[in-house]
Amino acid sequence: MTTRILLASTLYGAATLAAALDAGCFEPARRTILLVSNNAANPEATPALDEMSGFGRLRGRFDDVLSWNEAIHPFHPGSWSPRPDDVPLWERHLRLLWNLGDDPVHLVAESIQVVPALAITDIFTGAPIDLYADGLMSYGPTRNKIPPLIGTRIRRVLHLDLVPGLRPMLLREFGAEPAVVPNEAFLKVLTEIAEEPPRLPQAQGGSDAPALLLGQYLSALSILTPDEEEELHVRMVRGAHELGHRTAVFKPHPTAPARFSHRMEEEARRLGIQLAVADEPVIAEVLYQRLRPALVVGCFSTALFTAASLYGLPVARVGTELLLDRLTPYENSNRVPVTICHELLPDVADRTAVAAQRLDPAASGLQELLAAVGFAMQPKVNPDLRERAEAYLRGHRTPHTLAYFKRRRLTVLDLPGGLPARLAFIPRDARVRGVVRRVRSLRRAATGEGRG
């Protein structure tokens, strides 16, 4: 008599859940509910996943499709969680609202570190939890400390095999077992989504397949400034042009402002590239199937790996060097996706590497690199990874690999590559820092740096 509640906020996530259901990843349940959460800053102006093109093909897999936004109105799902004293009241309210009766509940959630997943797992206290991962972050450590009353209820981490053979690190501290959702089942679902025809952009200018450029809206995460992000888009256009492409389609992030495509459109005109913008809210995989692009260019989007692993499309990265330097704090959960993309994918400016690309995590030693990065990010969550981190840094201390780490972080954690012990006091000595600042100020004044 179990009721299974599947929480999703993206169409990609809903497709992952549909594939897991098709592949028999769950035990039978009396009722299956897809609970849709629209986490956009302005959900009233942004379509929820069940309003997007293609969702109609998934609808029949769920007994009910309900809205989390409506259930907690007027609160926003991206910031609300119940007060501890109100948890029993909220459970009674939701059981009545969703006609759950006294059924035992099985929760399947995404992004357990934050709301709304934390909120709903708090409300249904004691319900067993499966986590599903719809992106590259699952290969990194848990970004926030999970309350034991929630963490100990998590049984599995369902994930796509986007990076072949790579084992997720997410929630390993609670013994949650990774479980692969078969790629074949996921591809079947994506094919169904693509059958519901959206209005696709037309990239005129020849019979050749276009290059597909993926935007991510990194300035909203305060990783880049808006100008820097626009420059990243311009670099995508230049890179595609240098590789010989004369038609391109830009897929902006659904919540990015329209102006984010203006500078790249100007650059495309200057270079003689026919550029179209995909304004319809569709997932990138629909464009892969309908456009069959000759190249996919992005920064650290998960869609780069669905393109390479599931569709066999050539891919290229741009801007990952900048992001490895900019991501703060060091434990920023985007660090692992950026690391994976930088390590495995060719730079769009490297014609030879783009032509010869081969997705081979084992050959690159990616699992051990991520163990070292994961320990440096969350040493208290994964203390058992220290020896692997030390071994990796002792054997791979090159300028290339050290770009994944910060010298100060290595010093604080007493890892190879940090400052020698006799100099370790310097970053923490306020007097020394003050002297350094004064020297720099005097140097700038003497050389005239910073003058207009």
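Not measured: the values here are computed from a predicted model.

(A) Region of the structure containing the overall build of the protein chain. Looking only at helices and strands, the protein chain has 19 helices and 12 strands in total. Taking 22 Å as the expected radius of gyration for a compact globule of 452 residues, we find that the protein chain reaches 24 Å, a close match to that expectation. Taking as baseline every contact in the protein chain between residues at least 6 positions apart, the subset at least 24 positions apart corresponds to 72%. Carbon and sulfur atoms provide 51% of the accessible area of the protein chain, an area that totals close to 20,900 Å². For the protein chain, the separation between the mean place of its 52 positive charges and that of its 51 negative charges on side chains is 9 Å.

(B) Quick peek at empty space enclosed by the protein. Inspection of the entire model under this criterion finds 2 cavities of 30 Å³ or more. Around the largest cavity, the lining residues are Leu214, Gly215, Gln216, Leu218, Glu229, Leu232, His233, Met236 and Cys299. Among the elements that take part in the lining of the largest cavity, helix 7 (residues 226-242) stands out by supplying 4 residues, more than any other. Class assignment for the residues of the lining of the largest cavity results in 5 nonpolar, 3 polar and 1 charged. Taken as a whole, the second largest cavity encloses approximately 30 Å³ of empty space. What lines the second largest cavity is Ala133, Asp134, Gly135, Ser138, Tyr139, His159, Leu160 and Leu162.

(C) How the structure looks around the pattern of salt bridges. Inspection of the entire model under this criterion finds 24 salt bridges. Two residues, glutamate 192 and arginine 61, come together in a salt bridge whose shortest N-O distance is 2.9 Å. Here arginine 61 lies in the loop between strand 2 (31-36) and strand 3 (64-67) and glutamate 192 lies in helix 6 (residues 183-194), a separation of 131 residues in the sequence. This pair shows no difference in class: glutamate 192 is buried, exactly as arginine 61 is. Here glutamate 231 and arginine 238 are joined by a salt bridge, their closest N and O atoms 3.2 Å apart. Residues participating in the shared-partner salt-bridge network are Glu231, Arg238, Arg263, Glu267 and Arg270.

(D) Broad picture of the nonpolar core. Residues Leu213, Tyr288, Phe305, Ile340 and Phe405 are the most contacted members of the largest nonpolar core, which totals 113 residues. The element best represented in this core is helix 15 (residues 366-377), accounting for 9 residues. In this structure, isoleucine 340 is in contact with Leu136, Tyr139, Val163, Leu166, Phe305, Leu345, Leu366 and Leu370, ignoring residues within four places of it in sequence. Ranked by size, the runner-up nonpolar core spans 34 residues in total, among them Ile33, Phe124, Leu131 and Leu170.

(E) Geometry of helix 12 (residues 335-344). When you tally the buried positions in helix 12, you get 10 out of 10 residues, the bulk of the element. Residues Arg335, Val336, Pro337, Val338, Thr339, Ile340, Cys341, His342, Glu343 and Leu344 constitute the buried set of helix 12. For helix 12, the elements touching its buried residues are helix 10 (303-311), strand 12 (315-317), helix 11 (320-326), helix 14 (361-364), helix 15 and helix 17 (399-402).

(F) Geometry of unusual backbone geometry. That bond from valine 115 to proline 116 is cis: its omega, 10°, falls within 30 degrees of zero. Along the chain, proline 116 falls in the loop between strand 4 (105-109) and helix 4 (117-123). Cis geometry is adopted by the peptide bond preceding proline 329, which originates at threonine 328 and carries an omega value of -10°. Topologically, proline 329 is positioned in the loop between helix 11 and helix 12. Positive phi values are uncommon outside glycine, yet arginine 292 reaches one of about 45°.

(G) Focus on the environment of threonine 152. Within the secondary structure, threonine 152 sits in the loop between helix 5 (148-151) and strand 6 (154-160). For the pair threonine 152 and glutamate 173, spaced 21 residues apart in the sequence, the C-alpha separation amounts to 9.6 Å. Looking at threonine 152, its side chain comes within polar contact range of the main-chain oxygen of proline 148, at 2.6 Å.

(H) Representation of helix 1 (residues 11-22) in the model. Between its terminal C-alpha atoms helix 1 stretches 16 Å, which fits the 16 Å expected from 12 residues at 1.5 Å a residue. With its phi angle positive at about 70°, glycine 24 sits one or two positions after the end of helix 1.

(I) Spotlight on the sheet that holds strand 9 (residues 247-251). Strand order in the open sheet made by the 5 strands is 10-9-8-11-12, with parallel pairing throughout. Edge positions in the open sheet fall to strand 10 (274-277) and strand 12, since each of these has one partner strand only. Along the sheet, successive strands turn relative to each other by an average axial angle of 20°, direction set aside. Relative to strand 12, strand 11 (residues 295-298) is paired through 3 bridges, and the arrangement is parallel. Residue pairing in the sheet places glycine 298 in a bridge with arginine 317 of strand 12.

How each quantity is defined
- Residues numbered from 1 in each chain as written.
- Predicted model: local features only at pLDDT ≥ 70, side-chain atom pairs only at ≥ 80, totals over all residues.
- Heavy atoms only, no water.
- Helix = DSSP H or I, 4+ residues; strand = E, 2+ residues; numbered from the N terminus.
- Rg over C-alpha atoms; globule rule 2.2 N^0.38 Å.
- Contact = heavy atoms within 4.5 Å.
- Areas by Shrake-Rupley, 256 points an atom, 1.4 Å probe, with all protein chains shown as cover.
- Lys, Arg positive; Asp, Glu negative; His and termini not counted.
- Charge placed at Lys NZ, Arg CZ, Asp CG, Glu CD.
- 1 Å grid on protein atoms, 1.4 Å probe; cavity = no way out; pocket = protein on both sides within 12 Å on 5 of 7 lines; lining within 4 Å.
- Points joined across faces, edges and corners; volume = space filled by probe spheres on them.
- Nonpolar A, V, L, I, M, F, W, Y, C, P; charged D, E, K, R; others polar.
- Salt bridge = Lys/Arg side-chain N within 4 Å of Asp/Glu carboxyl O.
- Buried < 20%, exposed > 50% of the residue type's maximum accessible area, 1.4 Å probe, protein only.
- Core = buried A, V, L, I, M, F, W, Y, C linked by side-chain atoms within 4.5 Å.
- Polar contact = N/O pair within 3.5 Å; in protein donor to acceptor, adjacent residues only side chain to side chain.
- Expected span 1.5 Å × (residues − 1).
- Pairing = 2+ DSSP bridges.
- Axes fitted to C-alpha atoms, helices over the stretch in contact; angles between N-to-C directions.

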